[in-house]
Amino acid sequence: MGERRVQRGAQFEMVTEPIDLPNGRRVELDLVRHPGAAAIVPFLTPDRVLMIRQYRFATGGTILEIPAGKLDPGEAPETCAARELIEETGFRAGRIEKLGAIWTSPGFTDEVIHLFAGFDLEPDEQRLEPDEVIELVPMDLEDALQAVRTSPVFDGKSAIALLRAAEQRRRNS
């Protein structure tokens, strides 16, 4: 018996799949199939970033994070990051640098988020999706890093991207 779809939602699919573990055991595991995503740390200046405060139903309120979104079919991660930056903030990046990628929750999903930093921002037109409620939050990079260190709960993709962007900035200084 192979993979069987359990549920298909508006954006994701959950499957149950029998697998052989490295220790020889055969088990059935649930997996949320995800097309992947991209996220971007927008730099207003070398020391200031543009965060967003976004309503997230799953958290029961708003969270501080960086712009991000799901990859469209066939879309390159960098293209997705550039698109999401425009849609969510109304800014276009003149230059984008790769910061790496993360598994979000490998215990139950195959989602990978590609992380980027965006520089040389130019105004564009914000194009929010119907389900997006977003406030722009410009802040010093050090304040964003302090929020990563001290917030009781912080968005994982944003934390890793901010830490990597700060490290890359230090190396390039």
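Refer to the structure above for everything that follows.
Residues numbered from 1 in each chain as written. Predicted model: local features only at pLDDT ≥ 70, side-chain atom pairs only at ≥ 80, totals over all residues. Heavy atoms only, no water.

### A short note on the environment of Phe57
Part 1: Structurally, Phe57 is set in the loop between strand E5 (48–56) and strand E6 (61–65).
Part 2: Given the relative accessible area of 71%, Phe57 is considered exposed.
Part 3: Considering only alpha carbons, one finds Phe57 and Lys98, 41 residues apart in sequence, at a separation of 29 Å. (Helix = DSSP H or I, 4+ residues; strand = E, 2+ residues; numbered from the N terminus. Buried < 20%, exposed > 50% of the residue type's maximum accessible area, 1.4 Å probe, protein only.)

### Section: the packing of aromatic side chains
Part 1: Scanning the model with the defined rule gives one aromatic pair in all.
Part 2: Both rings, one in Phe43 and one in Phe119, keep their centres 5.0 Å apart while their planes meet at 15°; by these two values the pair is stacked. Linking Phe43 in strand E4 (residues 37–45) with Phe119 in strand E9 (residues 112–123), this pair joins segments that are 76 residues apart in sequence. (Phe/Tyr/Trp six-rings, centres within 6.5 Å; stacked < 30°, edge-to-face > 60°.)

### Description of the pairing of strand E3 (residues 26–33)
Consecutive side chains along a regular strand alternate between the two faces of the sheet.
Part 1: Pairing between strand E2 (residues 13–20) and E3: eight bridges, direction antiparallel. Bridge pairing in E3 links Glu17 to Leu29.
Part 2: Hairpin connection, E2 to E3: the antiparallel pair is bridged by five residues, and Gly24 has positive phi, about 95°. (Pairing = 2+ DSSP bridges.)

### Examining the side chain of His114
Part 1: With respect to the element layout, His114 can be found in strand E9.
Part 2: Residues within four places of His114 in sequence aside, it is in contact with Ala37, Ala38, Ala39, Pro77, Lys98, Gly100 and Ala101. (Contact = heavy atoms within 4.5 Å.)

### Overview of the pattern of salt bridges
Part 1: Counted under the stated rule, the structure contains 20 salt bridges.
Part 2: The shortest N-O distance in the salt bridge between Asp47 and Arg169 comes to 2.2 Å. With Asp47 in the loop between E4 and E5 and Arg169 in helix H3 (residues 156–172), the pair connects residues that are 122 residues apart, well separated along the chain.
Part 3: A salt bridge links Arg83 to Glu84, with the nearest nitrogen and oxygen atoms 2.9 Å apart. (Salt bridge = Lys/Arg side-chain N within 4 Å of Asp/Glu carboxyl O.)

### Things to note about helix H1 (residues 77–89)
Part 1: Spanning 13 residues, H1 covers 18 Å between terminal C-alpha atoms, matching the ideal 18 Å at 1.5 Å per step.
Part 2: Within the span of H1, buried status applies to Cys80, Ala81, Arg83, Glu84, Leu85, Ile86, Glu87, Glu88 and Thr89. (Expected span 1.5 Å × (residues − 1).)

### A look at the nonpolar core
Part 1: Val41, Phe43, Val49, Met51, Phe154 and Leu162 are the most contacted members of the largest nonpolar core, which has 28 residues in total.
Part 2: At the level of elements, E4, E5, strand E8 (91–103), E9, strand E10 (134–140), helix H2 (141–150) and H3 are the ones that each hand at least two residues to this core.
Part 3: If you look at the next biggest cluster of nonpolar residues, it comprises 10 residues, including Cys80, Ile96, Phe116 and Leu121. (Core = buried A, V, L, I, M, F, W, Y, C linked by side-chain atoms within 4.5 Å.)

### A short note on the packing of H2 against H3
Part 1: In contact at an axis separation of 10 Å, H2 and H3 are set at 135° when each is read in the N-to-C sense. By the angle between their axes, H2 is oblique relative to H3. Once H2 is placed against H3, the crossing between them reads as left-handed. Between H2, through Leu141, Glu142, Ala144, Leu145 and Val148, and H3, the contact on the second element is made entirely by Ala159, Leu162, Leu163, Ala166, Arg169 and Arg170.
Part 2: Of the residues contributing to the contact of H2 with H3, the split by class is eight nonpolar, no polar and three charged. (Axes fitted to C-alpha atoms, helices over the stretch in contact; angles between N-to-C directions. Parallel < 35°, antiparallel > 145°, perpendicular 65-115°, else oblique. Left-handed = near helix turned anticlockwise from the far one by under 90°. Nonpolar A, V, L, I, M, F, W, Y, C, P; charged D, E, K, R; others polar.)

### Quick notes on H3
Part 1: Counted at 1.5 Å a residue, the expected span for H3 with its 17 residues is 24 Å, and the 24 Å between its end C-alpha atoms agrees.
Part 2: The set of residues buried in H3 consists of Lys157, Ser158, Ala159, Ala161, Leu162, Ala165, Ala166 and Gln168.

### Concerning the environment of Arg92
Part 1: Along the chain, Arg92 falls in strand E8.
Part 2: Residue classification places Arg92 among the partly exposed positions, given a relative accessible area of 41%.
Part 3: In this structure the C-alpha to C-alpha distance between Arg92 and Pro42, which are 50 residues apart in sequence, comes to 9.2 Å.
Part 4: If sequence neighbours within four positions are ignored, Arg92 has contacts with Leu85, Ile86, Asp120, Leu121, Glu122 and Asp124.
Part 5: Engagement of the side chain of Arg92 in a polar contact is seen with the side chain of Asp124, the distance being 2.4 Å. (Polar contact = N/O pair within 3.5 Å; in protein donor to acceptor, adjacent residues only side chain to side chain.)

The values reported here are purely geometric and, on their own, carry no functional implication.
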